[in-house]
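Residues per chain are reported as follows:
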Amino acid sequence: MDVLNVEYMLGLVPVLLRYLPLTLQLAGIGMVLALILACLFAVVRVLRIPVLNQLTIVFISFFRGTPLLVQLFLFYYGLPQLFSALTVIDGVTATVMGLTMHFSAYMAESIRAAIVGVDRSQTEAALSIGMTNGQLMRRIVLPQATRVALPTLMNYFIDMIKATSLAFTLGVTELMGATQKEAAGSFLYFEAFIVAAIMYWIVVELLSKLQNYLETRLNKAYNR
Amino acid sequence: MIKLASLSKHFGKTVVLDGIDLTIEKGEIVVIIGPSGTGKSTLLRCINFLEQPTSGTMTVGDLTVDVNRASRADILAMRRQTAFVFQNYALFANKTALQNIAERLLVVDKWPKEKADQKAREILEQIGLADKAGAYPASMSGGQQQRVGIGRAMAAGAEVILFDEPTSSLDPEWVEEVLGLMKQLASERQTMMVVTHEMSFARDVADRVIFIDGGRIVEQGPPSEIFHNPRDPRTKDFLKKILATNPV
């Protein structure tokens, strides 16, 4: 076995770091949009709003039932074929669309479960003092549901960060795409990909720390 | 003043309240007794619109609604005139004792935060929990939680406070402190409707005791009359059973 080329690895770190922001942007924007969409879906499902409820069920079923890579190809290669106005769709846009829809489908279900899991007596107490439905959702139910949903949502966020690596198949040079190019030039595949792997790993570890911090804060009200 | 006229509630084909007529004067303390499942709690829940009554009219203060024609605004207004104390306390789990009491002033009555907090502190003082202002429900005893529950109802400045078996979930050691607070409120002539199995509270505090069975008011009168001289055989039967286990 050849010795690892450590010097090459160290030199690669600053090169790859330049592409990390794009990876984080893809995941960050995807997560914010997915959260908004997932909350809307969850409320539609909880309140069983006619028509929208059925559409949401089909949407969730499709985006949970098909691979993310297939969805990305559909958005990137498929949509421009159907709608000529979309010929300008670039890889970054297609990736954000794919991540948003794919993960919103999963997240909608955990948000819905968390809302349904808030004790009925909390809603009744809020109604009894004369709160409107909007007020009781915003001030009582959603804050309590957030605490329940947070660990799963953070899991999806972590998953999404790693899923951004699929963007390289659409020609986006994010962390994975850049690593692929560097490796192809130097033929030092192991060195290049282990550096990329460690970078993903560190980002995810930092997020886990954030998750612990948020969980401690949200659990403050529930410690005996 | 509260006036209920032919108030009925059906769950499917089951008649839970069968045309209740009842007038309660301002400052009156009314205790409702009766066997389980006879509509006592449902009656209180209907007045607070936690249940939608099937028919009848309700007057609370200067607000009268025909329950079948009650708009969303009517229902909100009715809820804001009637405060509710729950059997299982139902404090907002994500809010401190102070926030539980201030919540309604802040959100429903749109008071500025400082004024709402000030009022909530005064109430905490009255219910003897000034030192628990920052405590969350999970860290309080059942008795303390129920006292905050009563404090939350007091903050409403409601026409009437509805107590739905306020001591039934409590360990025996906490019952007295909750009843004590209710007696204090009664002595201030806060209008109260109380569903309870605490017969000594009924005897000592109530102006009027109402016996409900089968969704109807069977008998009502001052506690001395109901407890010592019940007329209806159902009242006699119920009192005999409950006083055997829960002596006055």
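Check the entry above for the structure.
Residues numbered from 1 in each chain as written. Chains lettered and ligands numbered in written order. Predicted model: local features only at pLDDT ≥ 70, side-chain atom pairs only at ≥ 80, totals over all residues. Heavy atoms only, no water.

1. A short note on the pairing of strand S1 (residues 2-11) of chain B
All names here are of chain B. As a reminder of what qualifies: In this scheme, strands are said to pair when DSSP sees at least two bridges between them. Numbering of helices and strands runs from the N terminus, with a helix taken as a DSSP run of H or I at least four residues long and a strand as a DSSP run of E at least two residues long.
Of the pairings in the sheet, the one linking S1 to strand S2 (residues 14-24) comprises 7 bridges and is antiparallel in character. Along S2, the bridge assignment pairs Lys-3 with Thr-23. Relative to strand S4 (residues 55-60), S1 runs antiparallel, the two sharing 5 bridges. What sits directly across from Ile-2, in S4, is Val-60.

2. Some thoughts on empty space enclosed by the protein
Selection criterion: Here a cavity denotes a set of grid points, spaced 1 Å apart and computed over the protein atoms alone, in which a 1.4 Å probe fits but from which it cannot get out, and a pocket denotes an open set meeting protein on both sides within 12 Å along at least five of seven lines; residues with an atom within 4 Å of a point are reported as lining. Grid points are joined across faces, edges and corners, and a volume is the space filled by probe spheres set on the points. The residue classification treats Ala, Val, Leu, Ile, Met, Phe, Trp, Tyr, Cys and Pro as nonpolar and Asp, Glu, Lys and Arg as charged. All others, Gly included, are polar.
Summed over all chains, the structure comprises 1 cavity of 30 Å³ or more. Here the largest cavity defines a volume of roughly 40 Å³. What lines the largest cavity is Ser-128 and Ile-129 of chain A together with Thr-82, Ala-83, Phe-84, Arg-104, Arg-152, Ala-153 and Ala-156 of chain B. Among the secondary structure elements, those contributing two or more residues to the lining of the largest cavity are strand S6 (82-85) and helix H5 (142-155) of chain B. By residue number, the principal contributor to the lining of the largest cavity is S6 of chain B, which donates 3 residues. Within the lining of the largest cavity, the residues separate by chemical class into 5 nonpolar, 2 polar and 2 charged.

3. So, the sheet that holds S4 of chain B
In a beta sheet, neighbouring strands pair by backbone hydrogen bonds and run either parallel or antiparallel. Residues and elements named next belong to chain B. How we decide: Axis definition: a line fit to C-alpha positions, over the contact stretch in the case of helices; interaxial angles, taken between N-to-C directions, run 0 to 180 degrees. Residue contacts are counted whenever heavy atoms from the two residues lie within 4.5 Å of one another.
Read from one edge to the other, the open sheet built from 4 strands follows the order S2-S1-S4-S5, with strand pairing classed as antiparallel. Strands with a single pairing partner mark the edges of an open sheet, and in this sheet they are S2 and strand S5 (63-66). For this sheet the average axis-to-axis angle between neighbouring strands, irrespective of direction, equals 15°. Contacting S1, S2 and S4, helix H1 (residues 40-47) runs over the sheet at an angle of about 115° to S1. Here helix H2 (residues 72-81) sits on the sheet and contacts S4 and S5; the angle it forms with S5, its principal contact strand, is near 130°.

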